[in-house]
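In case you want the letters, here they are:
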Amino acid sequence: MSEVLIAHERLTAFAAACLEKLALAPGDARLIAETLVAANMRGVDSHGIVRLPHYATRLRNGTIKARPEIAVRRTGPSTAIVEGDAGMGQLVAARAMQQAIALAAESGVGAVGARNSSHCGACAYFVELAVKQGMIGVALTHTDPIMVPPGMKRIFLGSNPIAFGAPGANGPAAIVDLSTTHAAWGKVIVARQERKPIPPDWGVDADGRPTTDASRVVGLAPTGAHKGYALALMVEILCAHLSGVPFGLHVTKMYGEIDKPRNLGHFMLALDIARFTEPGAFRSRIDAFLEEIRAQEPADAARPPLAPGDPERLCAERRLREGVPLGTGVITELNALATELGIARL
């Protein structure tokens, strides 16, 4: 499939224009556009602007509200709950992290649950909000089931991502953003379309057994087998049970139940470093730690060691220079949406 390079500013303006036409307030539209393009910039294209047509469908059918009344209920010196009112997940998650940061500034720790939300995109964006304030951030969300845990034949938990961020001094922050499944579903779809085999630890067949045949995959395997399963369960409890929203098999499917609100939960944590240690020294130690990782002797000279987050940061630097690559099929779909909304095409 051929690709076209598009400048990130143009892509952000396009996404924001689409979302404004879908009745979002300009500031909200811009924030969501920034989260989508930030994912593209980091190379996480599965959570980038490709999601825009899906959001448009849900905004049009009312399962996502364009102008929700998001409310914050403070429940203690360092805790709060955010009621998302079926709004865009990025708006709800950002409000939750902003509240966590405010609480941490007051008490040292901010722990915030969010409920009645929707798909919030890549979680790295939200931990970076804390990092920009000189804090440590943790962002969690659950998803509809796609993981087949060890010993089961059917999907039971979501890919339930975990994101973490800690600020450096002069170097880049330490950023971790990972799924608790070994591979993304999109990779399986690509292999299926191209009729290529997949590694045996990516997915399982209808009998719950590992398969290299992408066409037989019915669910994804957890990363690290039982360890990824346990981490996904932890995320589910913090995001769903703690916020009182549907869990596990009861979570509304993103695509399979397009006529129902998602009612997803998130969990955001912010830590004020100054309540634990001297912030400047901490940030300098983060720089030193990451540099020591990169300085280790490589097992393969062609592939030097990288710290977590380095591949995404390097991808963002490259795409800032060159543009964001989009397949012609994605551009066709986005332009069709633009035509429907009466805005300029890409």
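In case you missed it, the structure is sitting above this.
Here is what the cut-offs are and how they apply
Residues numbered from 1 in each chain as written. Predicted model: local features only at pLDDT ≥ 70, side-chain atom pairs only at ≥ 80, totals over all residues. Heavy atoms only, no water. Helix = DSSP H or I, 4+ residues; strand = E, 2+ residues; numbered from the N terminus. Buried < 20%, exposed > 50% of the residue type's maximum accessible area, 1.4 Å probe, protein only. 1 Å grid on protein atoms, 1.4 Å probe; cavity = no way out; pocket = protein on both sides within 12 Å on 5 of 7 lines; lining within 4 Å. Points joined across faces, edges and corners; volume = space filled by probe spheres on them. Nonpolar A, V, L, I, M, F, W, Y, C, P; charged D, E, K, R; others polar. Expected span 1.5 Å × (residues − 1). Arc of directions from axis to C-beta. Axes fitted to C-alpha atoms, helices over the stretch in contact; angles between N-to-C directions. Parallel < 35°, antiparallel > 145°, perpendicular 65-115°, else oblique. Left-handed = near helix turned anticlockwise from the far one by under 90°. Contact = heavy atoms within 4.5 Å. Pairing = 2+ DSSP bridges.

Colleague: It is not clear to me how unusual backbone geometry should be interpreted in this structure. Could you clarify?
Modeller: With the exception of glycine, most residues fall at negative phi, and the peptide bonds are largely trans. A positive phi angle is found at Asn-160, which is not glycine, with a value near 35°. With respect to the helices and strands, the residue Asn-160 is situated in the loop between β5 (136-141) and β6 (162-166). Residue classification places Asn-160 among the buried residues on the basis of a relative accessible area of 0%. Positive phi values are uncommon outside glycine, yet Asn-263 reaches one of about 50°. Here Asn-263 shows up in the loop between α7 (226-241) and β11 (264-271).

Colleague: Help me understand empty space enclosed by the protein in this model?
Modeller: Counted under the stated rule, the structure contains one cavity of 30 Å³ or more. Its boundaries defined by the atoms lining it, the largest cavity holds a volume of some 40 Å³. If you trace the largest cavity, you find it lined by Thr-35, Ala-38, Ala-39, Arg-42, Ala-122, Ala-124, Tyr-125 and Glu-128. Only α2 (26-41) and α5 (124-132) provide two or more residues apiece to the lining of the largest cavity. Of the residues in the lining of the largest cavity, the class split is five nonpolar, one polar and two charged.

Colleague: What exactly am I supposed to notice about helix α9 (residues 310-322) here?
Modeller: For the α-helix, the turn length of 3.6 residues means that residues three or four positions removed from each other point alike. An ideal rise of 1.5 Å per residue puts 18 Å on 13 residues; α9 measures up with 18 Å between its terminal C-alpha atoms. Those residues of α9 that sit buried are Asp-310, Cys-315 and Arg-319. Each buried residue of α9 sits inside an arc of 160° when the element is viewed along its axis, so together they form one side. Opposite the buried face of α9, at more than 90 degrees from it, the exposed residues are Leu-320 and Arg-321. Positive phi shows up at Gly-323, right after α9, with a value of about 110°.

Colleague: Just checking my understanding: could you explain the packing of helix α1 (residues 8-21) against α2 for this structure?
Modeller: Each pair of packed helices can be summarised by the angle the axes make with each other and by the distance between the axes. Two numbers describe how α1 lies on α2: the axes approach to 8 Å, and their chain directions differ by 140°. As far as their axial angle goes, α2 and α1 are oblique. Handedness of the α1/α2 crossing: right-handed. Facing α1, whose interface residues are His-8, Leu-11, Thr-12, Ala-13, Ala-15, Ala-16, Leu-19 and Glu-20, α2 presents Pro-26, Ala-29, Arg-30, Ile-32, Ala-33, Glu-34, Val-37, Asn-40 and Met-41. For the contact of α1 with α2, a count of residues per class yields eleven nonpolar, three polar and three charged.

Colleague: Just to check I follow, could you spell out the pairing of β6 for this structure?
Modeller: Regular strands place their side chains on alternate faces of the sheet. Burial of β6 is extensive: four of the five residues sit out of reach of the surface. Alignment of β5 against β6, held across four bridges, turns out to be antiparallel. Counted as the bridge partner of Val-138 is Phe-164 from β6. Where β6 and strand β7 (residues 174-178) come together, five bridges link them in antiparallel fashion. Counterpart to Ala-163 in the pairing with β7 is Asp-177.

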